[in-house]
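So the chains spell out like this:
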Amino acid sequence: MTGYKCSLCKKGVKFDVKNIGMQCPYCGSKTFYKERPTVAKKIKAK
Ligand SMILES: [Zn+2]
């Protein structure tokens, strides 16, 4: 299971990576961000 965040309603959702056709159970959005738990990455400008 992988954690994702819905780009529309910002709710955290979990999907099986094998599952095709992911859809937000809350708002029906099909756009998600990959959730990175407890990773506070410092990004330096290139
Ligand atoms: Zn949603």
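Residues numbered from 1 in each chain as written. Predicted model: local features only at pLDDT ≥ 70, side-chain atom pairs only at ≥ 80, totals over all residues.

(A) The arrangement of the overall build of the chain in detail. Looking only at helices and strands, the chain features zero helices and three strands. From first element to last, N terminus to C terminus, the chain shows the α and β order β-β-β. The buried share of the chain, reckoned over its 46 residues, is 2%. Pairs at least 24 residues apart make up 28% of the contacts formed inside the chain by residues separated by at least 6 positions. (Helix = DSSP H or I, 4+ residues; strand = E, 2+ residues; numbered from the N terminus. Buried ≥ 20, exposed ≤ 12 C-beta atoms within 10 Å, placed from the backbone. Contact = placed C-beta atoms within 7 Å.)

(B) Structural detail: the environment of G28. With respect to the helices and strands, G28 occurs in the loop between strand 2 (12-15) and strand 3 (32-34). Classification of G28 by C-beta neighbours within 10 Å gives exposed; the count is 10. Note: C-alpha distance between G28 and C6 (22 residues apart in sequence) is 9.3 Å.

(C) Geometry of the sheet that holds strand 1 (residues 2-6). Across the sheet, which stays open at both edges, the three strands sit in the order 2-1-3 with antiparallel pairing between neighbours. Looking along the sheet, the strands with just one partner apiece sit at the ends: strand 2 and strand 3. Here the strands of the sheet are splayed against their neighbours by 40° on average, with no regard to which way each runs. In the sheet, strand 1 pairs with strand 3 via three bridges, with the strands oriented antiparallel. By the bridge assignment, Y4 is partnered in strand 3 with K34. (Pairing = 2+ DSSP bridges. Axes fitted to C-alpha atoms, helices over the stretch in contact; angles between N-to-C directions.)

(D) Here's a closer look at the confidence of the model for the chain. Averaged over every residue, the pLDDT of the chain is 81; the share at 70 or more is 80%. When mean pLDDT is taken per element in the chain, strand 3 scores highest with 87 and strand 2 scores lowest with 84. (pLDDT = per-residue confidence, 0-100.)

(E) Region of the structure containing the pairing of strand 2. Of the pairings in the sheet, the one linking strand 1 to strand 2 comprises four bridges and is antiparallel in character. Directly across from K5, in strand 2, lies its bridge partner G12. Between strand 1 and strand 2, which pair antiparallel in sequence order, lie five residues; one of them, K10, sits at a positive phi of approximately 65°.

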